[in-house]
Amino acid sequence: MSFDLSICCMGAGYVGGPTMAVIAKNCPNIRVCVVDLNAKQIDAWNSAELPIYEPGLKEVVESCRGKNLFFSTSIESEIALADIVFISVNTPTKTQGIGAGRAANIKNCELCARTIAKVATTNKIVVEKSTVPVRTADAVRRVLACNDKGLEFQVLSNPEFLAEGTAIDDLEKPSRVLIGGEETPGGQAAIAKLVSVYANWVPSSQIITTNLWSSELSKLVANAFLAQRVSSINSISALCESTGADVSEISRAIGSDPRIGPRFLQSSVGFGGSCFQKDILNLVYLCETFGLDECAEYWHQVIKMNDYQKSRFTQKMVSRMFNTATGKKIAILGFAFKKDTGDTRETASAFVCRDLMQEKARLHVYDPQVKREQMMIEFDYTLNVNTTTEPDLEKLITTETDVYKACEGAHAIAVLTEWDEFKGLDYERIYKGMSKPAFVFDGRNVVDIKTLREIGFEVYAIGKPWPKE
Ligand code: NAD
Ligand code: UDX
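Here is what the cut-offs are and how they apply
- Residues numbered from 1 in each chain as written.
- Chains lettered and ligands numbered in written order.
- Predicted model: local features only at pLDDT ≥ 70, side-chain atom pairs only at ≥ 80, totals over all residues.
- Heavy atoms only, no water.
- Near = heavy atom within 4 Å.
- Polar contact = N/O pair within 3.5 Å; in protein donor to acceptor, adjacent residues only side chain to side chain.
- Nonpolar A, V, L, I, M, F, W, Y, C, P; charged D, E, K, R; others polar.
- Areas by Shrake-Rupley, 256 points an atom, 1.4 Å probe, with all protein chains shown as cover.
- Helix = DSSP H or I, 4+ residues; strand = E, 2+ residues; numbered from the N terminus.
- Domains from an automatic or database assignment.
- Contact = heavy atoms within 4.5 Å.
- Buried < 20%, exposed > 50% of the residue type's maximum accessible area, 1.4 Å probe, protein only.
- Arc of directions from axis to C-beta.
- UniProt positions renumbered as here; feature names shortened; annotations may be inferred.
- Pairing = 2+ DSSP bridges.
- Right-handed = clockwise from strand over helix to strand, strands pointing away.

Draft legend 1. How the structure looks around the site of ligand 1. Around ligand 1 lies a shell of 24 residues, among which Val15, Asp36, Thr91, Glu164 and Lys278 are the nearest. Within the side chain of glutamate 164, an N or O atom sits 2.9 Å from a nitrogen atom of ligand 1. Note that an oxygen atom of ligand 1 is positioned 3.1 Å from one of the side-chain N or O atoms of arginine 345. Taken together, the residues of the shell around ligand 1 break down into eight nonpolar, ten polar and six charged.

Set out below in C-alpha cells:
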C-alpha cells in the first residue's frame with residue numbers, strides 16, 4: 001500500500017508508543033513507525049503483551065499494527081524513509097556534573113539529532129516531542145545543520161500533554177495541541193504540515209501555533225502549575241488534620257469558583273510520576289541559570305512541600321502505632337504513582353515504604369498492575385537517591401498478588417494509590433484477619449471512613465481531622 005506521508009518516532013516509551021498509535025489510528029494514509037534502541041521494548045510492542053499498561057491502548061495498537069503502524073529497531077532505515085521524525089526519548093534529571101539534581105539531561109535528544117543528520121538523504125521536519133529545557137531546539141537545529149549533504153531540516157516543538165492512565169482519551173480528545181516553529185517561511189510551512197496531521201481528528205480551534213521557545217517553555221510551565229495545585233492543597237491537608245476542617249470540603253468549596261476550577265485539588269500522599277518533579281527541577285534550573293533566584297525558590301517550594309507531604313504521612317503512621325513500627329506487618333495497597341497505570345517512577349508509595357523500612361516494619365505490597373521485579377527496581381532507585389542502603393530489602397518487602405493475603409495478620413493498612421478496587425474490598429473480612437487495634441491510613445481518600453470505623457478500624461485519612469494524640 002502507498003502512503004501520503006511517512007512518520008518515524010524515535011523512542012517507544014509511555015509517550016512515543018501511545019501517541020503514534022493514535023496518530024496511526026486517525027490517519028490511515030500516514031505510515032507510522034516507532035523505533036527504539038531497546039529491542040526488548042520493541043518486541044513487547046509487537047507482542048500480545050504491550051510494554052505499558054494504559055486503558056484502551058491495546059485496542060488502538062491492535063487495530064493498526066501491521067497496517068500503518070510499525071515498531072522496529074531499524075532506526076537508521078526508518079529515519080531515512082520518513083518525512084517527519086519525532087524525538088520522543090527520555091530526558092531525565094542529570095544525576096552528576098553541572099546542574100546535577102536539577103537540569104534535564106538532553107543527551108538522548110542530541111544523539112537523535114546526530115543520527116538523523118547522519119542517515120538522512122532527504123529534507124525532514126524534526127519534531128521535539130520530549131519535554132526539554134528552553135532553547136533545546138537550537139541545539140537540535142545546529143547539530144542537524146552540520147550535515148554535509150546540503151539537506152534542510154525544520155525543527156518544531158510539539159510537547160505532549162497526555163497524562164498516564166488516561167493517555168488514549170487525552171490523545172483522542174486533547175484540550176489543545178501545541179506546535180512551535182521558526183518564524184520564517186520554512187518554519188511556517190513545517191508548522192502547517194504538522195497541523196495537517198493533527199487536523200485529521202483535532203478541531204483546528206484546538207491547535208495552537210507559536211514560536212519555538214514559547215512552546216518549549218509552556219510544557220514546563222503547564223506541569224509546574226498542575227503540581228503547584230497539588231502541593232497547595234496538600235499544604236492545606238496538614239492544616240485540616242490539625243484543625244478539624246475537611247480537605248475534600250475545602251476542595252469542593254474553592255473548586256466551584258470558576259476562577260479556580262475543581263481539577264487537581266485532590267489531596268494525596270504526594271504527587272509522583274516521571275514528569276512533575278523532573279520538569280519543575282528543570283524550570284528551577286533555568287531560573288537559576290538566568291540569575292532569577294527568587295523565581296527558582298518559588299517553584300522549588302512545590303517540590304519541598306511534596307517531600308514534606310510524603311514524610312509527614314509516614315511519621316503520622318508511626319506515631320499513631322504507638323511510636324513503633326518495628327517488626328509490624330503493614331499492608332501497602334498500591335504502588336503505582338496513580339491509578340490505571342503500572343508506572344512507578346517517583347511514586348510516593350516507594351518513599352513511604354522506604355521510611356517504613358527504616359523503622360524496620362515488614363511490608364506486604366499489593367498493586368494490581370505492578371510486578372515484583374518492577375517494585376524492586378523502584379526500591380533500589382528510591383534507596384539509592386537518598387544514599388541509604390537497605391541490606392535486608394528482600395526480607396522487609398514481600399510482594400503480594402492477593403490483596404487479602406497482603407492484609408492477613410497486618411497491624412495496619414496504608415492505601416497509597418487510588419485504585420478503584422480498594423473502595424470495594426471486603427473490609428469486614430480484612431478486619432477479622434488483622435492484629436488489633438487494626439489501623440487504616442488512607443493516603444488517597446478512597447475508603448469510606450464511617451463504614452470502616454463502624455467495623456472497628458482506627459482510620460486516619462489525609463486531610464481529615466485526626467483526633468488529638
Ligand atoms: P520512556 O522512558 O518511557 O521512553 C523513552 C524511550 O526512548 C525508551 O524506550 C528509550 O529506550 C528510548 N530511547 C532513548 N534514546 C534513544 C535513541 N537515541 N534512539 C531511540 N530510542 C531511544 O519516556 P517517556 O515517559 O515516553 O517520556 C519521553 C519524553 O516525553 C520525556 O521527555 C518526558 O518528559 C516527556 N513526557 C512524558 C509524559 C509521560 O506521561 N510519561 C508525558 C508528557 C511528556
Ligand atoms: C502529568 C501531566 O498531568 C501531563 O499533562 C503531562 O503530560 C505529564 O505529567 P501524569 O504524571 O501522567 O501527567 O499524571 P497526573 O494525572 O498529572 O498526576 C501526577 C501526580 O499527581 C500523580 O501522582 C497523581 O496521583 C497526583 N495528583 C494529581 C494528586 O495527588 N492530586 C490531584 O488532584 C491530581
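Draft legend 2. Molecular detail of the site of ligand 2. Around ligand 2, the surrounding shell holds 20 residues, and the nearest of these are Leu162, Glu164, Gln266, Ser268 and Arg444. Between ligand 2 and glutamate 164, the relevant distance is 2.7 Å, taken from an oxygen atom to a main-chain nitrogen or oxygen of the residue. Here glycine 272 contributes a backbone N or O atom positioned 2.9 Å from an oxygen atom of ligand 2. Protein chains bury 90% of the 650 Å² of accessible surface belonging to ligand 2 in isolation. Per element, the largest residue contribution to the shell around ligand 2 is four residues, and it comes from helix 9 (residues 212-243). When residues of the shell around ligand 2 are assigned to domains, at least three map to each of domain 1 (5-202) and domain 2 (276-461).

Draft legend 3. Looking closely at the side chain of threonine 382. With respect to the secondary-structure elements, threonine 382 resides in helix 14 (residues 372-385). In this structure the side chain of threonine 382 is engaged in a polar contact, spanning 2.7 Å, whose partner is the backbone oxygen of glutamate 378. In contact with threonine 382, other than residues within four places in its own chain, are Ala350, Phe351 and Arg354.

Draft legend 4. Geometry of helix 6 (residues 136-145). Residues of helix 6 that are buried include every one of Thr136, Ala137, Val140, Val143 and Leu144, and no others. Seen from one end, helix 6 has its buried residues packed into an arc of 125 degrees, which puts them on one side. Away from its buried face, by an angle of more than 90 degrees, helix 6 presents the exposed residues Arg142 and Ala145. Along its buried surface, helix 6 packs onto helix 5 (107-119), strand 5 (124-128), strand 6 (153-157) and helix 9.

Draft legend 5. Seen up close, the UniProt feature "active site" (unreviewed entry) in the chain. According to UniProt, the feature "active site" (unreviewed entry) maps to Cys275 in the numbering used here. Among the secondary structure elements, cysteine 275 is positioned in the loop between helix 10 (247-255) and helix 11 (276-289). With relative accessibility at 30%, the residue cysteine 275 sits in the partly exposed group.

Draft legend 6. Structural detail: the pairing of strand 13 (residues 439-442). Of the two faces of strand 13, both are covered, the one formed by Phe439 and Phe441 as well as the one formed by Val440 and Asp442. Where strand 12 (residues 412-415) and strand 13 come together, four bridges link them in parallel fashion. Of the residues in strand 13, the one forming a bridge with alanine 412 is phenylalanine 439. Each parallel crossover has a hand, and the one from strand 12 via helix 17 (residues 427-433) to strand 13 is right-handed. In this structure, strand 13 lies alongside strand 14 (residues 458-461), joined through four bridges in parallel fashion. Each bridged residue has a counterpart across the sheet, and for valine 440 the counterpart in strand 14 is valine 459.

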